[in-house]
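# Coordinate analysis (summary)
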Amino acid sequence: MQRNGVRRAHSLWCKSLSHNLHHHPFIPVDRIQKRTDCSSTSNSCNDDYKSFGKESFPWKRHSPRVSQRHLWEFKHFHTLPPHSNKLLREVPKYVKIVEVGPRDGLQNEKNIVPTSVKVELIRRLVSAGLSVVEATSFVSPKWVPQLADAKNVMDAVNSLHGARLPVLTPNLKGFEAAVSAGAKEVAIFASASESFSLSNINCSIEESLSRYRAVSTAAKEHSIPVRAYVSCAVGCPVEGAVPPSKVAHVVKELYDMGCFEISLGDTIGIGTPGSVVPMLEAVMAAVPAENLAVHFHDTYGQALANILVSLQMGINIVDSSVAGLGGCPYAKGASGNVATEDVVYMLNGLGVQTNVDLGKLIAAGEFISKHLGRPNGSKAAVALNRQITADASKL
């Protein structure tokens, strides 16, 4: 009787899934129909690419997979029709996610991650539908030994299609090395805190901006777009709270020198909606919202709340890191970047499109977490995988 009941329930579920397929918030839209509402290349919508099916790693086949069934079941518990609530009317219909795991997520790892693993991670992230994946950084190996293989990584991923692969370049020398390695987009980083700028890149804010003007000028000559990061946009480990006016000043300088997109980073994860809102108000008074992104660490568990309030204010670009990789080396006990899986799960629940396949994304997070020998830092991934294990034990 129990077995017959299970069969009947499964049959009903299959019929319901078939009926609701075109309304399914977890199935990438590009598998159902081609998007036609992408108005800019910076927010381009890319189809899933199937060219990464070959197994480069034998343990790949043993990774737990999140089935569409489990993802579909959650629809009935947390998905809202788009803009059905007055508090969510300002949330954008589409959010571009900038995946920073391969660079920002891995740069502080003590044990060197093999180049082949980094390349496989990038391939998996692109296959999951992420349109922007920050690949590596052309910094001195003396300061960041983990990314000493930047050229080799770029040699391996330059042939990938379907995603932009920006790299971090701290100065003109790094920019030239990146261009030689085939980079088609670069990123620079400044700070809104004088103390942090001096301790992190050994120069004042104004000196760093002068340095980046040289990079920006060279990038224009090569027709290479430049993205920028502003660290300590909410608080500094040395100075404490950072005035929004200082953040706005740095952002405006970067925008004026030609940066097409500027990411506002809560470096130590201390921000709350109460401090993020006035910062965004000041910055958005100086630079258009469409040129801004947010980059939150989850040290105090505030990242998703901060992202949501940012979306409500008009931001539609979010940085995140698969499996929550990364962490601030200047704040003891600080956790990593907000997990991409958690961001996608929340956005799916809001009816916001990302074109990211959550199942493939979770598999990518499991892949790198197993290699690093630590639990996955994504709460959504852990919960969904736990549900799969529980279901499997009933078979």
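Residues numbered from 1 in each chain as written. Predicted model: local features only at pLDDT ≥ 70, side-chain atom pairs only at ≥ 80, totals over all residues. Heavy atoms only, no water.

Ranked by size, the top nonpolar core spans 102 residues in total, and within it Val247 and Leu254 carry the most contacts. Each residue touching Leu254, except ones within four places of it in the same chain, is listed here: Ile188, Ala190, Leu209, Ala228, Tyr229, Val230, Cys259 and Ile262. (Core = buried A, V, L, I, M, F, W, Y, C linked by side-chain atoms within 4.5 Å. Buried < 20%, exposed > 50% of the residue type's maximum accessible area, 1.4 Å probe, protein only. Contact = heavy atoms within 4.5 Å.)

The next thing to look at is the packing of aromatic side chains. If you walk through the whole model with that rule in mind, you get one aromatic pair. Positioned above the aromatic ring of Tyr229 is the side chain of Arg103, whose terminal nitrogen or guanidinium carbon lies 5.6 Å from the ring centre. (Phe/Tyr/Trp six-rings, centres within 6.5 Å; stacked < 30°, edge-to-face > 60°. Lys NZ or Arg CZ within 6 Å of the ring centre and 35° of its normal.)

Relative to the assigned elements, Ala135 resides in the loop between strand S2 (132-133) and strand S3 (136-137). Through-space distance from the C-alpha of Ala135 to that of Val100 is 7.6 Å; in sequence the pair is 35 residues apart. With residues near it in sequence (within four places) discarded, Ala135 still touches Pro102, Arg103, Ile122, Val153, Met154, Leu165, Pro166 and Val167. (Helix = DSSP H or I, 4+ residues; strand = E, 2+ residues; numbered from the N terminus.)

Right, let's get into the packing of helix H11 (residues 273-284) against helix H12 (residues 303-312). Where H11 contacts H12, the two axes come as close as 9 Å, and the packing angle between them is 35 degrees. Once H11 is placed against H12, the crossing between them reads as right-handed. Contacts between H11 and H12 involve Pro273, Val276, Val277 and Leu280 on the former and, on the latter, Ala305, Asn306, Val309 and Ser310. Residues of the contact of H11 with H12, tallied by class, amount to six nonpolar, two polar and no charged. (Axes fitted to C-alpha atoms, helices over the stretch in contact; angles between N-to-C directions. Left-handed = near helix turned anticlockwise from the far one by under 90°. Nonpolar A, V, L, I, M, F, W, Y, C, P; charged D, E, K, R; others polar.)

Turning our eyes to something else, we now look at the pattern of salt bridges. Between side chains of opposite charge, pairing is possible as soon as their charged atoms come close. Evaluated as defined, the whole model comprises 13 salt bridges. Between Lys96 and Glu261 there is a salt bridge, with its nearest N and O atoms 2.8 Å apart. Of the two residues, Lys96 is situated in strand S1 (residues 96-99) and Glu261 in strand S9 (residues 261-266); the sequence distance between them amounts to 165 residues. Of the residues examined, Glu261 reaches a relative accessible area of 1% and is grouped as buried. In this structure, the salt-bridge partner of Arg103 is Glu134, at a minimum N-O distance of 2.9 Å. Taken together, the residues Arg103 in helix H4 (residues 101-105) and Glu134 in the loop between S2 and S3 connect sequence positions 31 residues apart. (Salt bridge = Lys/Arg side-chain N within 4 Å of Asp/Glu carboxyl O.)

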